[in-house]
Amino acid sequence: MDAWLLSRVNHTQQGSEPRLRTGVLFVWESSTTQPILMSTPALGRFAKYSHTHRTVLIKWVLPLLVIALTWYAYNKGATGSLFYDDLSNLSALTNLETHEAIKVFLFDGSSGPTGRPLALASFLPHAQGWPASHITARQFNFIIHLFNGVLLGWLGYALLTLADQTSPLRSYFIALSAASIWLFSPLLVSTNLILIQRMTSLSALFGLVGLLTYVLGYRLLANHPRTGVTIQLGALALFTALAILSKESGALFPIYALVIEAGIAKSASIAVPMRRLRLGILYLLLIALAIYLIKELPNDLTAQLGHRGFSVLERLRTQPGILWEYIRLAVVPDLTAYGPFHDDVKAANSMWSPLIATSAFIMLTWLALRMRLRSPWLLFAILWFFAGHLIESTTIPLELYFEHRNYIAIFGFFLAISYYALTVPQKYLKLSASALVIYITSLWTVLFMLANIWGNPLEAGENWVRNHPESSRAAMSLSALYYEELGGESTVSRQVLDRAAEACPSCLDVRVQSLLYACGNEETAEISNRFKKLLLDARTGLGTPATLDSIYPLREFANKDQCAPVTLDQIMRLIQSLLDNPAFNSGSFGIHLHYLAALTSYDLGNQEEARRYLAAAERSGTAFNIIGLRVQMLMDQDKVSEAVGFLESKKNPSHISAQTRGYWNEQIDEMIEKVRNAANAGTE
């Protein structure tokens, strides 16, 4: 039976059932040419049936379409590069042949205070075939992102119904729009296409499950307050713990819950004692976090952080401007601004920029407070955003700028945009909704273009160097890509690095890497000139891990006379100059340099100097390479029993986690066996 509805159907503004004017419905039977006249009640039932099924269809089709479009766009970037942090954190995937090796990989991570074992565990399925398996590993990142989008959409809907300011149907479309903006946001591309940033998205996945359970628990509070509170706090505690074991920023989810309590749940039907209990616990957690952040402050806020190139005070006054930049790039897409490399962002060197940025936030917050009784969503967006940046954008001396810090923090603004676009007066609703659809479509278009660029490593590298000429990381990444693409021919790679050195004279890492490419490929006079410039700036240049990593192969080249006229004596002078640089002479950098100095002195035959540098390295840290060099020195002096005693003293170190101490002891036992075997072979 085919039917055509000839009467007009009116709809109320807030999603009520269709209302019919007086009219008729003509239905044609397929076997006849005669129309059948339907009565008005029958017409009402038909319209109600049609409206309900159309709504159900839209409610299912639209989210599935958003998910499919997100996957399609992101999959264009699945063939992208592995970055420095990917390689440094995941290199052990190639050697997980024993249970002990797996335990070391999981529990001795160095990305943060917790080691992030849950996030590292998620990479175990990709160990077979690593690093060739990085494409499927990246696609797993996309799946996590899609789950997070669903959870955020559900959370947005739960918050909207909790606030009870719109109908359920309109709340659904507001939440769907917000989740779509979040899924399509180009600002979040680096979180999903930099493989190791799964730590961020997986932490978010656990935290969102806990937070969503917390919000859904409000439904129980009116009739079962104790049960409701137990479920809320229990779920929040459990999933926050799982989030923290993926990345430390997971500690922020109780703060997000506090934002919901303070800004959205005030009007909910909640037993007062239970509300006070929850608020008390959440405020205590906020105070504990604040105390931790204050304790991270150094005694001298103006003291330069050598390995960062700025002070804590400079970092604090730079962040307001950076936060505004995050919001700008989240709301107004800019294809050239997104990428993995932001080491060229400089600390604010005057008070005007921080003052203007901070004043703007104060004015926006004042406006939101004025609006809160009529609409709490702008205030919610601001508080949610600030909560999301409490750890990574305040006192902890991290780098200034990373896009992934907005992964959850930016959602509040997307929810506010969707709410205000879909709650305008009825006469403007069609226009506003159309504009929102166009906006979401434009975000997806930028996402698609951006993922395409990321999926072509050479094109992406060229774009990043063009847009960030002072980024040494961008230059070094592109130079490595060219070197591989051109089969080991280094001319183009050197040109990329030399341009970066001109744009960033204090970037020592590009200078050392360029020198390595020059070894054996340039005249000795040019190599000598490169080394002299490097030595001249070594005492004042920026401290980066890449600088130290490049000195190891440079020492090997000099040892084998493969980088004439650079000699081991000159390498020693370079190391000593770096030790005079505040950016290198402390922490892990200092350990590396003292160990390098000990190695180079040992190569030069300066045993006493080698022991002195090695002792300095041992005072700061313990690692197998440091222990091995000490044992080698003792064996050179035929002190076998002393070498064995030294190794025995290194068992069960306190800085090694209990889960991996057995593996550490096994490695020490293997070294002891090698020492004894070498001693026996020497005796024979």
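Refer to the structure above for everything that follows.
Rules used in this analysis
Residues numbered from 1 in each chain as written. Predicted model: local features only at pLDDT ≥ 70, side-chain atom pairs only at ≥ 80, totals over all residues. Heavy atoms only, no water. Helix = DSSP H or I, 4+ residues; strand = E, 2+ residues; numbered from the N terminus. Contact = heavy atoms within 4.5 Å. Areas by Shrake-Rupley, 256 points an atom, 1.4 Å probe, with all protein chains shown as cover. Lys, Arg positive; Asp, Glu negative; His and termini not counted. Charge placed at Lys NZ, Arg CZ, Asp CG, Glu CD. Phe/Tyr/Trp six-rings, centres within 6.5 Å; stacked < 30°, edge-to-face > 60°. Buried < 20%, exposed > 50% of the residue type's maximum accessible area, 1.4 Å probe, protein only. Patch = residues over 30% accessible without salt bridge, like charges linked within 9 Å, V, L, I, M, F, W, Y side chains within 5 Å. Salt bridge = Lys/Arg side-chain N within 4 Å of Asp/Glu carboxyl O. Disulfide = S-S within 2.5 Å. Axes fitted to C-alpha atoms, helices over the stretch in contact; angles between N-to-C directions. Parallel < 35°, antiparallel > 145°, perpendicular 65-115°, else oblique. Left-handed = near helix turned anticlockwise from the far one by under 90°. Core = buried A, V, L, I, M, F, W, Y, C linked by side-chain atoms within 4.5 Å. Expected span 1.5 Å × (residues − 1). Arc of directions from axis to C-beta. Nonpolar A, V, L, I, M, F, W, Y, C, P; charged D, E, K, R; others polar.

Of regular secondary structure, the protein possesses 29 helices and seven strands. In terms of principal-axis extent, the alpha carbons of the protein reach across some 110 × 60 × 60 Å. In the protein, the share of contacts with a sequence separation of at least 24, taken over all contacts with a separation of at least 6, comes to 71%. On the protein, roughly 32200 Å² of surface is accessible, and the fraction owed to carbon and sulfur atoms is 60%. If you average the places of the 54 positive and of the 52 negative side-chain charges in the protein, the two averages end up 16 Å apart.

Before going further, it helps to examine the packing of aromatic side chains. Using the criterion set out here, one finds 26 aromatic pairs in the structure. Taking the centre distance of 5.6 Å and the plane angle of 80° together, the rings of Trp 377 and Phe 380 count as edge-to-face. Note that Trp 377 and Phe 380 are positioned in helix α15 (residues 377–388) at a spacing of three residues, about one turn of the helix. The same class applies to Trp 377 and to Phe 380, which are both buried. Seen in terms of ring centroids, Trp 444 and Phe 448 are 5.3 Å apart; in terms of plane orientation they differ by 20°. Their pairing is stacked. With a gap of four residues between them, Trp 444 and Phe 448 both fall in helix α17 (residues 426–455), about one helical turn apart. With relative accessibility at 21%, the residue Phe 448 sits in the partly exposed group. A connected cluster of aromatic rings, assembled from ring pairs, spans Phe 253, Tyr 256, Trp 377, Phe 380, Trp 384, Tyr 419 and Tyr 420.

This next bit is on a nonpolar patch on the surface. Judged by side-chain polarity, Trp 71, Phe 140, Ile 143 and Phe 147 come together as a nonpolar surface patch covering roughly 360 Å² of accessible area. The element that contributes the greatest number of residues to the nonpolar patch is helix α5 (residues 134–163), accounting for three residues. Summarising the element assignment, Ile 143 is placed in helix α5. The class of Ile 143 is partly exposed, set by a relative accessible area of 36%.

Let us look at unusual backbone geometry. In this model, Trp 130 is joined to Pro 131 through a cis peptide bond whose omega is 5°. For the bond running from Ala 564 to Pro 565, omega is 10°, close enough to zero to count as cis. Positioned with a positive phi, Arg 116 is a non-glycine residue whose angle comes to about 55°. Of note, Arg 116 is situated in the loop between α3 (99–107) and α4 (117–121). Notably, Asp 561 is not glycine yet its phi reads approximately 55°, a positive angle. As for its placement among the helices and strands, Asp 561 is situated in the loop between α23 (545–559) and α24 (568–579). Judged by its relative accessible area of 59%, Asp 561 falls in the exposed class.

To continue, consider the environment of Leu 390. Residue placement: Leu 390 occurs in the loop between α15 and α16 (411–421). Sequence separation between Leu 390 and Gly 488 is 98 residues; the distance between their C-alpha atoms is 45 Å. Non-local contacts of Leu 390, meaning those with residues more than four positions away in its chain, are made with Leu 252, Ile 255, Leu 286, Leu 289 and Leu 293.

A word on the state of the cysteines. Summed over the entire model, instances satisfying the criterion amount to two disulfides. Here Cys 519 pairs with Cys 563 through a disulfide, and the sulfurs are 1.9 Å apart. Handedness here is read from the sign of the S-S torsion; for Cys 519 and Cys 563, about -60°, the answer is left-handed. Linking Cys 519 in the loop between α21 (508–518) and α22 (524–537) with Cys 563 in the loop between α23 and α24, this pair joins segments that are 44 residues apart in sequence. By relative accessible area, Cys 519 is classed as buried at 9%. Regarding the disulfides, the protein carries the connectivity 1-2, 3-4 under sequence-order numbering of its bonded cysteines.

The next subject is the packing of helix α11 (residues 253–263) against α15. In a pair of packed helices, the angle between the axes and the distance between the axes together describe the arrangement. Two elements in contact, α11 and α15, have axes whose closest approach is 9 Å; the angle formed by their N-to-C orientations is 165°. Put simply, α11 runs roughly antiparallel to α15. By crossing handedness, the relation of α11 to α15 is classed as right-handed. Contacts from Ile 255, Tyr 256, Val 259 and Ile 260 in α11 reach Phe 380, Leu 383, Trp 384, Ala 387 and Gly 388 in α15.

The topology assignment puts Leu 447 in helix α17. Sequence spacing of Leu 447 and Leu 183 is 264 residues, and the spatial spacing of their C-alpha atoms is 9.4 Å. With residues up to four places along the chain from it excluded, the contact list for Leu 447 reads Ala 73, Tyr 74, Leu 183, Phe 184, Pro 186 and Val 189.

Counting 138 residues, the largest nonpolar core has Trp 182, Trp 377, Trp 384 and Ile 408 as its most contacted members. Counting residues per element, this core draws most heavily on α5, at twelve residues. Aside from chain neighbours lying at most four places away, what touches Trp 377 is Leu 159, Leu 160, Ala 163, Gln 165, Ile 264, Leu 415, Ala 416, Tyr 419 and Tyr 420. Counting 41 residues, the second largest nonpolar core, distinct from the first, contains Leu 508, Leu 548, Cys 563 and Ala 610.

Moving on: helix α14 (residues 352–371). For an α-helix the count is 3.6 residues per turn, leaving residues at separations of three or four pointing the same way. With 20 residues, α14 extends 29 Å from end C-alpha to end C-alpha; this agrees with the ideal 28 Å at 1.5 Å per step. What α14 keeps buried is the set Pro 354, Ala 357, Phe 361, Thr 365, Ala 368 and Met 371. Projected onto a plane normal to the axis of α14, the buried residues spread over an arc of 120° and lie on a single side. Every exposed residue of α14 that faces more than 90 degrees away from the buried side is listed here: Trp 352, Ile 356, Ile 362, Met 363, Trp 366 and Arg 370. Contacts made by the buried residues of α14 are with α13 (312–331), α15 and α16.

This part is about the pattern of salt bridges. Following the criterion strictly, the structure yields 21 salt bridges and no others. A salt bridge links Glu 522 to Arg 494; the nearest nitrogen and oxygen atoms lie 2.9 Å apart. With a gap of 28 residues between them, Glu 522 in the loop between α21 and α22 and Arg 494 in helix α20 (residues 491–503) connect regions that are remote in the sequence. A relative accessible area of 17% means that Glu 522 is categorised as buried.

The next subject is helix α18 (residues 457–467). Of the residues making up α18, those classed as buried are Ala 460, Gly 461, Asn 463, Trp 464 and Val 465. Packed against the buried residues of α18 are α17 and α19 (472–485).

One can describe the packing of helix α6 (residues 168–184) onto α16 by two numbers: an axis separation of 8 Å at closest approach and a directional angle of 135°. Our classification of the angle between α6 and α16 gives oblique. Helix-helix and strand crossings are classified by hand; for α6 and α16 the assignment is right-handed. Touching Ile 174, Ser 177, Ala 178, Ala 179, Ile 181 and Trp 182 of α6 are Phe 411, Phe 414, Leu 415, Ile 417, Ser 418 and Tyr 419, all from α16. Of the residues belonging to the contact of α6 with α16, the class tally is ten nonpolar, two polar and no charged.

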